[in-house]
Amino acid sequence: MFEFSFSTHVCEKNYFASEISTKNAIFAPILLTMKKQEILVTAKSPSNIAVVKYWGKHGCQLPNNPSISFTLSNCFTETSVEYNPKFQCGMQFLFEGVESPKFKEKIEKYIEKHGDLYRFDTEVFSHLKVESRNSFPHSSGIASSASSMSALVLCFLKLEKALNDDATPLDLRRASMLARLASGSASRSVYPVMALWGETPCVSDSSDEYAVPLENMVAPVFKTYHDTILIVSNKEKSVSSRVGHALMEGHPLAEKRYLTARCNTKRLLEALRTADLATFIDIAESEAVQLHELMATSNPPYKLMEPNTLKIIDEVHKFRENTDVPVCFTLDAGPNVHLLFPDEFSEKVNVFINDKLKSYCVDNQYISDIVKVF
């Protein structure tokens, strides 16, 4: 079981509950009327990096194709949620100690649409103080929405448990579903090692509604993978992922893209099972390039890669050809480059990074991360 970092403090608890029936048992709510209570919960949730990309959605945060990602260790969001009935000014939100109207608005929209899926009265949301911080630059293509929204959802689920005196283990599938409603990629961040989100005939319990873990479906080598993130830019992206997804509607390459992603999902699942690193590299790099080609051919077109992004990619190709070290790159929706490689090659790759690649980064910055395995 994947354990997140949680803490809970409850004092002066006094409430009653009535169960409300629903067709969907996983979301069966219990509404509580609060009398006098203070609760503080915290959660730390990691980012993830997709190998097969999710780009384009429909309905209520449903993906147009499956995606597969590594779960990271060092890139995370830590969030605390404090409930106090004395808070009378509506929900407060602080990001890294500063009020953030933009993030607060995103949370409030999520609560407005989906707050009734939690097993407490939605009035509770009006008496919350939320504080959040990242261990990495947000809005720069390191899936900050995945870590931040999954951490928030995990806090809400901890709050729910505290209000209900519920000591049962956390339901990660339900957490994934609730996180997906907040941010699609957040659905994958609740599992260790690797996760699949999106229905595919290759995995029997896969779904568009939630992600499923792949920990038991991958060869041991992939559980040792590093992800070194080269910070080409630490500025906020010029075009958000939300806008990028919307531009896939009517995109001339959309249907071809979704077919390719489904094919790559099947190929990658087999490569992960058989430790086929050559196929893994081919899929990871082609998916990254295609993601940014979709941006360049949107209407209106836009680009998130920087000149140094392309220089790093060229250096990676040359290094792999000259050394046979199975290092590859991938990109998220931003200019920063993720280097993926097995642990046994970490010494050689780290020399390569320090000798060649860090000079392309802002102030020589890069983040050394590794797949989360517990």
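Above this text sits the structure in question.
All values reported here derive from a predicted model rather than from experimental measurement. (Residues numbered from 1 in each chain as written. Predicted model: local features only at pLDDT ≥ 70, side-chain atom pairs only at ≥ 80, totals over all residues. Heavy atoms only, no water.)

Draft legend 1. Seen up close, the sheet that holds strand S15 (residues 337-341). In space, the four strands of this open sheet follow the order S14-S15-S13-S16, with antiparallel pairing throughout. Where the open sheet ends on each side, the last strands, each with one partner, are strand S14 (328-331) and strand S16 (366-370). If you compare each strand with its neighbour and ignore which way they point, the axes differ by 25° on average. When strand S13 (residues 226-230) meets S15, the two strands line up antiparallel, connected through five bridges. Of the residues in S15, the one forming a bridge with leucine 230 is valine 337. (Pairing = 2+ DSSP bridges. Helix = DSSP H or I, 4+ residues; strand = E, 2+ residues; numbered from the N terminus. Axes fitted to C-alpha atoms, helices over the stretch in contact; angles between N-to-C directions.)

Draft legend 2. Structural context of helix H1 (residues 101-114). Compared with the 20 Å implied by 1.5 Å per residue over 14 residues, the 20 Å span of H1 between its first and last C-alpha is a close match. Considered for burial, the residues of H1 that qualify are Ile107, Tyr110, Ile111 and His114. In an axial view of H1, the angular spread of the buried residues amounts to 95°, which keeps them on one side of the axis. For H1, exposure combined with an orientation more than 90 degrees from the buried face picks out Pro101, Lys102, Glu112 and Lys113. Turning to H1, the residues buried within the fold contact strand S8 (92-95), helix H2 (144-164) and helix H3 (172-182). (Expected span 1.5 Å × (residues − 1). Buried < 20%, exposed > 50% of the residue type's maximum accessible area, 1.4 Å probe, protein only. Arc of directions from axis to C-beta. Contact = heavy atoms within 4.5 Å.)

Draft legend 3. Summary view of the pattern of salt bridges. Using the criterion set out here, one finds 15 salt bridges in the structure. Here lysine 104 and glutamate 108 are joined by a salt bridge, their closest N and O atoms 3.9 Å apart. Highlighted residues: lysine 104 and glutamate 108, both in helix H1, separated by four residues, approximately one helical turn. Here arginine 119 ties to glutamate 160 by a salt bridge, and the two come within 3.3 Å at their closest N and O atoms. Of this pair, arginine 119 sits in the loop between H1 and strand S10 (128-134) while glutamate 160 sits in helix H2, and the two are 41 residues apart along the sequence. Just as arginine 119 is buried, glutamate 160 falls in that class too. Residues joined by salt bridges that share partners form a network here, namely Arg119, Glu160, Lys161, Asp166 and Arg174. (Salt bridge = Lys/Arg side-chain N within 4 Å of Asp/Glu carboxyl O.)

Draft legend 4. Structural view of helix H7 (residues 307-323). The terminal C-alpha atoms of H7 lie 25 Å apart, and with 17 residues this matches the ideal 24 Å at 1.5 Å per residue to within 8%. Taken together, the buried positions of H7 are occupied by Thr309, Ile312, Ile313, Glu315, Val316, Phe319 and Arg320. Buried residues of H7, seen end-on, are gathered within an arc of 165° and therefore sit on one face of the element. The outward face of H7, more than 90 degrees from its buried face, is lined by the exposed residues Pro307, Glu321 and Asn322. In this structure, the buried side of H7 is in contact with S13, helix H6 (277-296), S14, S15 and helix H8 (346-357). The positive-phi residue at the C-terminal boundary of H7 is aspartate 324, with phi of around 65°.

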